[in-house]
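Observations on the three-dimensional arrangement
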Amino acid sequence: MIFAILAAMMGLFLWGRFRHDVVALAALMACVIVGVVPSGDAFAGFGHPAVITVACVLVLSQGLRNTGAVDWLARRILPRDAGQTVTLLALIGLGAALSGFMNNVGAMALLMPIAVQVSGRLNLAPGQILMPLAFGTILGGMTTLVGTPPNLIVSGFRQEAGLGQFEMFDFAPVGVAVAGLGVIFIALIGWRLVPARKSAAADGFDTGAYLTEVRVPEKGKAVGLTLRGFEAEIEDSGAQIVGLVRNDVAITAPHGGRRIFAGDILVLQADVDALAEALSVFDIKLEEEKAPSDDNEDAAIAPFQADEITDADDADDVSEEIVLRELAVLPGSTIVGRSASDLRLRTRYGVNLLAVSREGRPPQARLRHLRLRSGDLLLMQGPAEAVAEFINDTGCVPLGERELRIPDKKMAIIAGAIMVGAIGVVTLGLLPAPVGFALGVLASMVLRTVPLRKIYTSIDWPVIVLLAALIPVAGAMLTTGAADLLARFLVDTIAQSNPIAALAVVLITTMFLSDVMNNAATAAILCPIALGIASTLGVNPDSFLMAVAIGASCAFLTPIGHQNNTLILGPGGFRFSDYWKLGLLVEILVVMVSLPLLLIIWPL
């Protein structure tokens, strides 16, 4: 019965009609009904260490993403004026390095906007940067225990086999070598095999450039620079200075040779996706005013800061998540012809107007005194409920939801410290991986690096359900003897009882299945088979488990094998058949490099 269930499950995975987690849950229920999985153990997978660790790493990755920590790192690592080869090496290498310590899907999502900007600077199609970056982040995931879910699954099966869990960097000797050579190959040669296609999003949703104001702080990096020099530093973000306010005197189109003083207010025009980068290059902030009062509504354009909450505030206010939303002003809106000062936004609604976009041209008035028109796009900040109330009262319409981040250096440092601390306690063996990363999540909740309402939405629940459902199914393969039967077939029929040939079969089979079905599902299915093969041959099981981990991390032939491949399908304008041209060479390279290393580092 277990073979019939497995065959049906793999057929449904390959068909793709149903989501992977639905198929996995159906397989689990079938196993329970036929009696190969005891009903009392059906949902034990949700408490499995691998499942808990995956969920916690996803939350910690969201903290790095929310606070702008990765954006800060990317700006300091990526060269600004280098050629194609150096830039690609730096970008793909950064993606691979990040994927070793945070979820590789999160690393890819963070670097995608940077990759698109880089493609424009290098005069390449977006896809020619996106596919190499996607492959680099997939390769980077194989270097540590937490880099990708298959590594955690493999470690869990090792523990259940009585061998203990793999340590944080047990994957590094083989993984770093494979990832490093893979990144070098892709950056030097491989990217040239990626077809230059027009992005499917090229003519999509575009809000144009926003007008916003930033104040230069005392001892800020911008003090003493000329306006021309300032613009040169933020050139990659696409932002430009369109005005200057000094001593309450507004200067439109100031001369580029004018020097910047502390306290100056710079009027910037920037695309909303580049706004965060423009702000953080010099660690400057959106224009802040004094606390609002009935006689001073100029503070309606000041961004909320955590230290503005006093003891007199309600407890509910402290827990409210501050959000950024893009709104369009409709012709019948009640705010047409009125300014932020007139509307008393902070007093009446508790929201701030941070920026305005108007027909791609910079408005001439100061932001607080700018009279709004129909068709203007507003960047609003405030508690989610307050922004919703403003929308309902004024007749504005929210635009398609997308993530907007204003960098926070302090919170970025905290988020980075939490991630490093969690990795440290696990690496030193002070705590098991699930407990160490769960403590990191608790710290993130207490210190608010991830808003409380996003703790659960930051977890990829389909992946969690998939893992939790397949772990009991994989356990049934062991308890029923199915894994041993498959192992004997592979050893006797294909490998001819040769351990090295068997290791190659496991590696290549895992890679092939990862290309056509979810990589976590592949690892869960192949681990018991790998253990069975090692037992049949009487060799080191770690060699075969590591082969499964490497193979499950190498899905390069199709857009469905890994989420990172799926992420770039639209933005890169790719077709299904575009992946194998580069992917096949990468997979061949992985086999050629990893197989000898496995025999050396994890000898049979």
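Residues numbered from 1 in each chain as written. Predicted model: local features only at pLDDT ≥ 70, side-chain atom pairs only at ≥ 80, totals over all residues. Heavy atoms only, no water.

1. Regarding the overall build of the protein chain
- Looking only at helices and strands, one finds 24 helices and nine strands in the protein chain.
- The buried share of the protein chain, reckoned over its 604 residues, is 53%.
- Restricting the contact set of the protein chain to residue pairs at least 6 apart, pairs at least 24 apart contribute 79%. (Helix = DSSP H or I, 4+ residues; strand = E, 2+ residues; numbered from the N terminus. Buried < 20%, exposed > 50% of the residue type's maximum accessible area, 1.4 Å probe, protein only. Contact = heavy atoms within 4.5 Å.)

2. Regarding empty space enclosed by the protein
- The final tally for this structure, using the stated rule, is three cavities of 30 Å³ or more.
- Taken together, Pro-49, Ala-50, Thr-53, Leu-145, Leu-152, Ser-155, Gly-156, Gln-165, Ala-433 and Pro-434 form the lining of the largest cavity.
- Here the lining of the largest cavity is composed, by residue class, of six nonpolar, four polar and no charged.
- Here the second largest cavity is characterised by a volume of approximately 40 Å³. (1 Å grid on protein atoms, 1.4 Å probe; cavity = no way out; pocket = protein on both sides within 12 Å on 5 of 7 lines; lining within 4 Å. Points joined across faces, edges and corners; volume = space filled by probe spheres on them. Nonpolar A, V, L, I, M, F, W, Y, C, P; charged D, E, K, R; others polar.)

3. Concerning the nonpolar core
- Ranked by internal contacts, the top residues of the largest apolar core, which has 140 residues, are Phe-135, Phe-437 and Phe-544.
- Apart from the residues lying within four places of it in its own chain, the contact partners of Phe-135 are Ile-186, Phe-556, Asn-565, Tyr-579, Leu-582, Gly-583 and Val-586.
- With 21 residues, the next largest nonpolar core counts Leu-353, Leu-367, Leu-372 and Leu-378 among its residues. (Core = buried A, V, L, I, M, F, W, Y, C linked by side-chain atoms within 4.5 Å.)

4. Observations regarding the packing of aromatic side chains
- Counting across every chain of the model gives seven aromatic pairs.
- Both rings, one in Phe-43 and one in Phe-46, keep their centres 6.3 Å apart while their planes meet at 35°; by these two values the pair is tilted.
- On the basis of relative accessibility, which here comes to 36%, the residue Phe-46 falls in the partly exposed class.
- Grouping aromatic residues by their ring pairs yields a cluster made of Phe-166, Phe-171 and Trp-602.
- Across from the ring centre of Phe-166, 4.6 Å away, lies the NZ or CZ of Arg-158, which sits over that ring. (Phe/Tyr/Trp six-rings, centres within 6.5 Å; stacked < 30°, edge-to-face > 60°. Lys NZ or Arg CZ within 6 Å of the ring centre and 35° of its normal.)

5. Regarding the pattern of salt bridges
- Taken as a whole and assessed by the stated rule, the structure comprises three salt bridges.
- The salt bridge partner of Arg-246 is Asp-264, with a shortest N-O separation of 2.6 Å. Remark: Asp-264 occurs in the loop between strand S3 (249-252) and strand S4 (265-271) and Arg-246 occurs in strand S2 (residues 240-246); sequence separation between them is 18 residues.
- Salt-bridge contacts for Asp-342 lead to Arg-371; the nearest nitrogen and oxygen are separated by 2.9 Å. On the criterion of sequence distance, the pair formed by Asp-342 in helix H13 (residues 340-343) and Arg-371 in the loop between strand S7 (352-357) and strand S8 (377-383) is long-range, its members being 29 residues apart.
- The exposure class of Asp-342 is partly exposed, given its relative accessible area of 34%. (Salt bridge = Lys/Arg side-chain N within 4 Å of Asp/Glu carboxyl O.)

6. Regarding the environment of Tyr-456
- Along the polypeptide, Tyr-456 turns up in the loop between helix H17 (433-447) and helix H18 (461-479).
- Assessed through its relative accessible area of 55%, Tyr-456 is described here as exposed.

7. As for the pairing of S2
- Most of S2 sits inside the fold, with six of its seven residues counted as buried.
- Of the strand pairs in this sheet, S2 and S3 are connected by four bridges, and their pairing is antiparallel. Bridging from a neighbouring strand, Leu-244 pairs with Ile-251 of S3.
- Between S2 and S3, which pair antiparallel and follow one another directly, the connecting turn spans two residues, one of which, Asn-247, has a positive phi of 55°. (Pairing = 2+ DSSP bridges.)

8. A few points about the packing of helix H21 (residues 519-537) against helix H22 (residues 541-552)
- Interaxial distance between H21 and H22 falls to 8 Å at its minimum, and their mutual angle equals 160°. As far as their axial angle goes, H22 and H21 are roughly antiparallel. Two packed elements cross with a definite hand, and for H21 against H22 that hand is right-handed. In contact with Asn-519, Ala-523, Leu-526, Cys-527, Ala-530, Leu-531, Ile-533, Ala-534 and Leu-537 of H21, H22 contributes Pro-541, Phe-544, Leu-545, Val-548 and Ala-552.
- Residues that form the contact of H21 with H22 fall into these classes: 13 nonpolar, one polar and no charged. (Axes fitted to C-alpha atoms, helices over the stretch in contact; angles between N-to-C directions. Parallel < 35°, antiparallel > 145°, perpendicular 65-115°, else oblique. Left-handed = near helix turned anticlockwise from the far one by under 90°.)

9. Let's talk about unusual backbone geometry
- Non-glycine residue Asn-123 carries a positive phi angle of around 60°.
- Mapped onto the elements of the fold, Asn-123 is located in the loop between helix H6 (104-121) and helix H7 (126-140).
- Residues other than glycine seldom take positive phi values, yet Arg-344 does so here, at roughly 50°.
- Tracing the sequence through the fold places Arg-344 in the loop between H13 and helix H14 (345-348).
- Residue classification places Arg-344 among the partly exposed residues on the basis of a relative accessible area of 27%.

10. A look at a nonpolar patch on the surface
- Taken together, the side chains of Met-1, Leu-25, Met-29, Ile-33, Val-34, Phe-43 and Phe-46 make up a nonpolar region of the molecular surface, amounting to roughly 690 Å² of accessible area.
- Locating Phe-43 in the fold gives a position in the loop between helix H2 (20-34) and helix H3 (49-67). (Patch = residues over 30% accessible without salt bridge, like charges linked within 9 Å, V, L, I, M, F, W, Y side chains within 5 Å. Areas by Shrake-Rupley, 256 points an atom, 1.4 Å probe, with all protein chains shown as cover.)

11. Examining H22
- When the terminal C-alpha atoms of H22 are compared, their 17 Å separation across twelve residues agrees well with the 16 Å that a helix rising 1.5 Å per residue should span.
- Within H22, twelve of the twelve residues are buried, which leaves the element mostly enclosed by the surrounding structure.
- Buried residues of H22: Pro-541, Asp-542, Ser-543, Phe-544, Leu-545, Met-546, Ala-547, Val-548, Ala-549, Ile-550, Gly-551 and Ala-552, and no others.
- The N-cap residue of H22 is Asn-540: its side-chain oxygen and the backbone nitrogen of Asp-542 are 3.0 Å apart. (Expected span 1.5 Å × (residues − 1). Polar contact = N/O pair within 3.5 Å; in protein donor to acceptor, adjacent residues only side chain to side chain.)

12. Topic: the layout of surface pockets
- A volume near 290 Å³ is recorded for the second largest pocket.
- Around the second largest pocket, the lining residues are Phe-3, Leu-6, Ala-7, Met-10, Leu-486, Phe-489, Leu-490, Thr-509, Leu-513, Ile-525, Leu-526 and Ile-529.
- Among the elements that line the lining of the second largest pocket, the one with the most residues is helix H1 (residues 2-15), at four residues.
- Of the residues belonging to the lining of the second largest pocket, the class tally is eleven nonpolar, one polar and no charged.

13. Focus: the side chain of Asp-542
- Summarising the element assignment, Asp-542 is placed in helix H22.
- Within the structure, Asp-542 has its side chain in polar contact with the side chain of Arg-158 (distance 2.7 Å).

14. A look at the side chain of Thr-148
- Structurally, Thr-148 is set in the loop between H7 and helix H8 (149-160).
- With residues up to four places along the chain from it excluded, the contact list for Thr-148 reads Asn-104, Gly-141, Asn-519 and Ser-553.

15. Observations concerning the environment of Leu-537
- By the element assignment, Leu-537 lies in helix H21.
- In this structure Leu-537 touches Val-491, Ser-497, Pro-499, Ala-502 and Phe-544, once residues within four positions along its chain are discounted.

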